[in-house]
Number of protein chains: 2
Amino acid sequence: MKNNSSHQKISVAVDVLLFTIEDDKLKIVLVKRKEKPFKGSFALPGVALRESETLKEAAERSVRERTGLKNIFLEQLYTFGELERDPRSRTVSVTYYALTDPGKLDASGADDGVSLISVDEILKGDPELAFDHREIIEYGRNRLGGKVNYSDIAFEFVPKEFTLPQLQRVYEILLGENLYKANFRKMIAPLVEETGNMLTGMAHRPSKLYRRKQNN
Amino acid sequence: MKNNSSHQKISVAVDVLLFTIEDDKLKIVLVKRKEKPFKGSFALPGVALRESETLKEAAERSVRERTGLKNIFLEQLYTFGELERDPRSRTVSVTYYALTDPGKLDASGADDGVSLISVDEILKGDPELAFDHREIIEYGRNRLGGKVNYSDIAFEFVPKEFTLPQLQRVYEILLGENLYKANFRKMIAPLVEETGNMLTGMAHRPSKLYRRKQNN
DNA sequence: TATCATAGTACAAAATTGCTACTAAGTCAA
DNA sequence: TTGACTTAGTAGCAATTTTGTACTATGATA
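Overview of the structure. (Residues numbered from 1 in each chain as written. Chains lettered and ligands numbered in written order. Predicted model: local features only at pLDDT ≥ 70, side-chain atom pairs only at ≥ 80, totals over all residues. Heavy atoms only, no water.)

For the structure on display, the rule yields 15 aromatic pairs over all chains. Ring centres of Tyr78(B) and Tyr139(B) lie 4.7 Å apart, and the angle between their planes is 45°; this geometry places the pair in the tilted category. Within this pair, whereas Tyr78(B) is found in strand E5 (residues 73-80), its partner Tyr139(B) is found in helix H4 (residues 133-147), the two being separated by 61 residues in sequence. What makes Tyr139(B) partly exposed here is its relative accessible area of 31%. With a centroid separation of 5.7 Å and 65° between ring planes, the pair formed by Phe155(B) and Phe162(B) is classed as edge-to-face. Summarising the burial analysis for this pair, Phe155(B) and Phe162(B) share the class buried. Each residue in the set Tyr78(A), Phe80(A) and Tyr139(A) is aromatic and connected to the rest through ring pairs, giving one cluster. (Phe/Tyr/Trp six-rings, centres within 6.5 Å; stacked < 30°, edge-to-face > 60°. Helix = DSSP H or I, 4+ residues; strand = E, 2+ residues; numbered from the N terminus. Buried < 20%, exposed > 50% of the residue type's maximum accessible area, 1.4 Å probe, protein only.)

See below:
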C-alpha cells in the first residue's frame, strides 16, 4: 500500500448482480444504458464509488437507486480489473451480488429501464451486454451454484413463509440438478419450522408453510 | 459504472498475503514499514495499482519485488474499502493470496525487511500490524481453511515431490484438526502417483515420495 | 365419489467416514 | 548382529450419511 502516484487515473466502480427466481428461472436485474458507450445495451446496475462511502454502501446505493430495495442480502463477489474493461478510462469494478424474492422486487417500484432477464439466456449470449458484464454474470452464477451447498442463500429467494416444494425448486435451479424430495427434506428439516399455515387453492394436496428457524 | 466524478480521490492498492508452512506452522510474509504511518510496523507487501497493469499483474509484481518469486499460486481474496483504512487517503485495497512451499521462498533471495511470521501469533495480536492488515489476514486464514476441502491448494505448500505424511500435515495445519491416516490416504490416492523414490535418512521407516497426478 | 396430481413419509441399498489395530521398515544403541 | 524404537503404511469393521424407491395422504376437480 503506497501513495507515490499522486495523480490517480484509475476509477473505482461498484456493480451489483441482483438475482431473483421467477417462473422457475434464475433472473438478474439489468438496466438499459442511456449513454455511450454501449448505448441501448443492457448492463449491470452500478455506481461510481464516492469518497465518503464504503464499498458495501455503494452497492446498497446502487440497488436502492434502481429498484428501491433496502436491506436485502448483499455480499461481495469479485473485483474485475482488466485493462480494457471500459473504453472511457481504466476502471476497476468491485462487484457485489444481491438476492431477493421476486415479490419484494415487484413491490419495490423499480425504475423504468430496469429489466429482469434470464441468466441462462444471457450466458448463451442473448442479449449481449455492455462491457464485460456477461463474464461477470457468469462468474456470479458459478459462485451462487457453489454457495448453495454450504450456506443459506437459498432462503433469500423465497418469502418469509414458504413451502418445502418451493424451497426445493430454488435449490434445484441454483444447483442445476433435481433433488430427491425425501433427502432434501431431511437436509433442510433442522433449519425450518412449521408456521401452522397451509398454502391452499393450488389444486391437489396443499403444502404446509414453513419459516426459517432463527437461532442455531 | 459511471465516470461522472472526473477528479478521482480514491487510491487503489493491491496487497498480497503470501502464505507458507514452515516448522509445522502456517506463516505469512510481512515487510517492515520504513515510512509513516505505522513506521516500523509489519505490513502486508503491497503496491499501488498502475494504470498499465491488471490487478493480478500488480499482485505478481508485489510478490516479485519483495521476494523474487515468480509463477506461484495467486488468487484474489477480497477487496477492502472501509473509509479509514489508510490515514493518508481513501484507499481501496484489492487483496490476493499466494501460496508457496518454504523451499522456493528460501531459494528466491528475498529482500531484507521481509519476514516470515506465524499467522497464529498475528491473530493473537503479536505483533501488531499496520493498517487493517490483521483483519485482512484473519479473513485470508479463514478462506484457506475453507478452500482446503474443495480444492487442491494443499499441494501448493509442498515441493514437487512429497511424502504423504508431509501432505497430511499440511491438511491438518490448514484445517486445524488431526486426520486419520487411513482415511486421508484413501481421499488423496486418486490425486497422486508414486515417483518410485523414497525419502531416506530420516530415522525410522522411510516414506515413499509422490507427485501430483496431472490430468483428471 | 372416484380420479388425478402433488405433498409428504418409510425404509432399504450403497457409499462414505470414523476409528482401531495391525504389519513393515529403517535407525540407533547395546 | 540384533532387538527396541518410531514412524510408514494397510486391513477391515462399525457408524453414519447419501442415494434411491416405493409407498401413503390430501385436497381439487370432474
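Okay, back to it.
As a further point, take the pairing of strand E6 (residues 91-99) of chain B. All names here are of chain B. With 9 of 9 residues buried, E6 is to be regarded as a mostly interior element. Bridge count for strand E1 (residues 11-22) against E6 is 9 bridges, and the pairing is parallel. Pairing of Val16 across the sheet is with Tyr96, part of E6. Inspection of the sheet shows E5 paired to E6 by 7 bridges, in the antiparallel sense. By the bridge assignment for E6, Tyr78 is matched with Thr95. (Pairing = 2+ DSSP bridges.)

Before going further, it helps to spend a moment on the sheet that holds strand E9 (residues 192-199) of chain B. All names here are of chain B. Strand order in the open sheet formed by 3 strands is E8-E10-E9, and the pairing between neighbours is antiparallel. Strands with a single pairing partner mark the edges of an open sheet, and in this sheet they are strand E8 (162-163) and E9. In this structure, E8 lies alongside strand E10 (residues 207-212), joined through 2 bridges in antiparallel fashion. The residue bridging Phe162 from the neighbouring strand is Tyr210, located in E10.

This part is about the layout of surface pockets. For the largest pocket, the calculated volume is near 770 Å³. Lining the largest pocket are 26 residues; nearest its centre among them are Arg143(A), Lys147(A), Tyr150(A), Arg143(B) and Tyr150(B). Contributing elements (two or more residues each) for the lining of the largest pocket: strand E5 (73-80) and helix H4 (133-148) of chain A together with E5 and H4 of chain B. Tallied by class, residues from the lining of the largest pocket come to 12 nonpolar, 6 polar and 8 charged. (1 Å grid on protein atoms, 1.4 Å probe; cavity = no way out; pocket = protein on both sides within 12 Å on 5 of 7 lines; lining within 4 Å. Points joined across faces, edges and corners; volume = space filled by probe spheres on them. Nonpolar A, V, L, I, M, F, W, Y, C, P; charged D, E, K, R; others polar.)

Lining the immediate surroundings of DNA strand C are 18 residues, of which Lys181(A), His204(A), Arg205(A), Lys208(A) and Arg205(B) lie closest. Each atom of DNA strand C within 4 Å of the protein was assigned to sugar, phosphate or base; sugar and phosphate come to 55%. The contact in question runs from a base nitrogen of DNA strand C to an N or O atom on the side chain of Arg205(B), over 2.8 Å. Sorting the residues of the surface near DNA strand C by element identifies helix H6 (181-188) and strand E10 (207-212) of chain A together with helix H6 (181-188) of chain B as the ones contributing at least two each. Per-element accounting of the surface near DNA strand C gives the leading share, 4 residues, to H6(A). Tallied by class, the residues present in the surface near DNA strand C amount to 7 nonpolar, 4 polar and 7 charged. (Near = heavy atom within 4 Å. Polar contact = N/O pair within 3.5 Å; in protein donor to acceptor, adjacent residues only side chain to side chain.)

As a further point, take the relation of the copies chain A and chain B. Overlay of chain A on chain B (RMSD 0.1 Å): rotation 180°, translation along the axis 0.1 Å. Considering both components of the superposition, the chain copies are consistent with a two-fold axis. Interface overlap between copies: 100% of the residues of chain A at the interface are likewise at the interface in chain B, consistent with a symmetric, same-surface contact. (Least-squares fit on C-alpha atoms with pLDDT ≥ 70 in both. Contact = heavy atoms within 4.5 Å.)

Turning our attention to the sheet that holds strand E8 (residues 162-163) of chain A. Residue and element names in this part refer to chain A. The 3 strands lie next to each other as E8-E10-E9, forming an open sheet whose pairing is antiparallel. Of all the strands in the sheet, the pair left with one neighbour each is E8 and strand E9 (192-199). In this structure, E9 lies alongside E10, joined through 5 bridges in antiparallel fashion. Counted as the bridge partner of Leu199 is Ser207 from E10.

A few words on the protein's contact with DNA strand D. Residues in close proximity to DNA strand D total 18 residues, the closest being Asn183(A), Arg205(A), Lys181(B), Arg205(B) and Lys208(B). Taken together, the sugar and phosphate atoms account for 55% of what DNA strand D places within 4 Å of the protein. Lys181(B) places a polar side-chain atom, nitrogen or oxygen, 2.3 Å from a base nitrogen of DNA strand D. Elements supplying a minimum of two residues to the surface near DNA strand D: H6 of chain A together with H6 and E10 of chain B. Among the elements that line the surface near DNA strand D, the one with the most residues is H6(B), at 4 residues. Broken down by class, the residue content of the surface near DNA strand D amounts to 7 nonpolar, 4 polar and 7 charged.

This part covers the pattern of salt bridges. Enumeration over the complete set of coordinates arrives at 30 salt bridges over all chains. A salt bridge links Asp152(A) to Arg212(A); the shortest N-O distance between them is 3.2 Å. Taken together, the residues span a long stretch of sequence, with Asp152(A) in the loop between H4 and E8 and Arg212(A) in strand E10 at a distance of 60 residues. The residue Arg169(B) makes a salt bridge to Glu172(B) at a minimum N-O spacing of 2.8 Å. (Salt bridge = Lys/Arg side-chain N within 4 Å of Asp/Glu carboxyl O.)

What follows deals with the interface of chain A and chain B. The interface of chain A with chain B comprises 41 residues on the first partner and 41 residues on the second. Linking chain A with chain B are 0 salt bridges, by the criterion used here. Where chain A packs against chain B, one counts 9 residue pairs in polar contact (both at pLDDT 80 or more). Among the elements of the structure, strand E1 (11-22), strand E4 (46-48), helix H1 (55-67), E5 and strand E6 (91-99) of chain A are those that each provide at least two residues to the side of chain A that touches chain B.

If you look at the biggest cluster of nonpolar residues, it comprises 42 residues, and the most contacted ones within it are Val14(A), Leu18(A), Leu49(A), Tyr96(A), Val14(B), Leu18(B) and Leu49(B). Mapped by element, the contributors of at least two residues to this core are E1, H1 and E6 of chain A together with E1, strand E2 (25-32), helix H1 (55-67) and E6 of chain B. Those residues within four positions of Val14(A) in sequence are excluded, and the remaining contacts are Pro45(A), Gly46(A), Val47(A), Leu49(A), Leu55(A), Ala58(A), Ala59(A), Val94(A) and Tyr96(A). (Core = buried A, V, L, I, M, F, W, Y, C linked by side-chain atoms within 4.5 Å.)

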